[in-house]
Amino acid sequence: MPRFKPRKMFRPLGDAALRIWRRSLAGNYDVNNTILVASSGRGGSTWLGELVGTIAGYVILTEPLHLRHNPEIASLGFEWETYVPPDASDPDKFEYLSDVVNGRNISSRIVSSKHVHWSDFRNFRGFVVKFTRANMLLGWFLRQMPLRTLFMIRHPCAVVLSQLRHRAWDGMTKESWPL
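What you are looking at is a predicted structure, and each value in this text was computed from that prediction instead of being measured.

A. Up close: the nonpolar core. Leu61, Leu65, Leu97 and Phe127 are the most contacted members of the largest nonpolar core, which totals 33 residues. Elements with a minimum of two residues in this core: helix H1 (6-25), strand S1 (35-38), strand S2 (58-62), helix H3 (91-101), strand S3 (126-131) and helix H5 (138-144). Here this core takes four residues from H3, the largest share from any one element. When neighbours within four sequence positions are excluded, Leu65 is seen to be in contact with Asn70, Ile73, Phe78, Tyr96, Leu97, Phe131, Arg133, Ala134 and Leu137. If you look at the next biggest cluster of nonpolar residues, it comprises seven residues, including Ile35, Tyr58, Ile60 and Val128.

Shown next, in the form of structure tokens:
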């Protein structure tokens, strides 16, 4: 018997509602109201993003660089960990990230369904954009679009211990690291 997946069923409805809401923002959103939250995986960005996201009127956008949730970004050259030198020119990557932080490219794939409060859309003030895969391109992006940013650094031993316990990093090897 196929497993019932409500997320897949409701995603098209959520995307349609977000498209309508996004059109109402067109040209009226001040990107200076966006707050970026970044850290390493298992480094505390979810906790910090949720904390900042409690500000009334802020909508949390989660992991716009996650390849499994946003497979289309691979065609723009994004990998699991993408490095872009601070002085590089990469208009495709910049356009995607700019569209996310400006609210022009939001979908049910990145709107935090766990923390959606419809009143935040009605009384909208800004976005909290939470990243764990932006560390190696953050300098490049912020050089072009300076935004309020919280960069969280957790003790490396605590990060590794959390990664080992979480098991999402079981397949990570020295050879699979992008550098």
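B. Structural context of the sheet that holds S2. The four strands lie next to each other as S2-S3-S1-S4, forming an open sheet whose pairing is parallel. Each edge of the open sheet carries a strand with a single partner, namely S2 and strand S4 (148-151). Within this sheet the neighbouring strands show an average axis-to-axis angle of 20°, counted without direction. As judged from the five bridges shared by S2 and S3, these two strands associate in the parallel manner.

C. Geometry of helix H2 (residues 45-52). Ser45, Leu48, Gly49 and Val52 are the residues of H2 that are buried. Angularly, the buried residues of H2 cover 100° about the axis, an arc narrow enough to put them on a single face. Those residues of H2 hidden inside the fold are in contact with S1, S2, S3 and S4.

D. Main features of the packing of aromatic side chains. For the coordinates displayed, the defined rule picks out nine aromatic pairs. Judged by centre distance (4.9 Å) and plane angle (90°), the rings of Trp21 and Phe124 are edge-to-face. Highlighted residues: Trp21 in helix H1 and Phe124 in the loop between helix H4 (118-122) and S3, separated in sequence by 103 residues. Overall, the relative accessible area of 18% leaves Phe124 in the buried class. Cluster of aromatic residues (ring-pair linked, three or more members): Trp21, Tyr29, Phe124 and Phe127.

About the criteria used
Residues numbered from 1 in each chain as written. Predicted model: local features only at pLDDT ≥ 70, side-chain atom pairs only at ≥ 80, totals over all residues. Heavy atoms only, no water. Core = buried A, V, L, I, M, F, W, Y, C linked by side-chain atoms within 4.5 Å. Buried < 20%, exposed > 50% of the residue type's maximum accessible area, 1.4 Å probe, protein only. Helix = DSSP H or I, 4+ residues; strand = E, 2+ residues; numbered from the N terminus. Contact = heavy atoms within 4.5 Å. Pairing = 2+ DSSP bridges. Axes fitted to C-alpha atoms, helices over the stretch in contact; angles between N-to-C directions. Arc of directions from axis to C-beta. Phe/Tyr/Trp six-rings, centres within 6.5 Å; stacked < 30°, edge-to-face > 60°.

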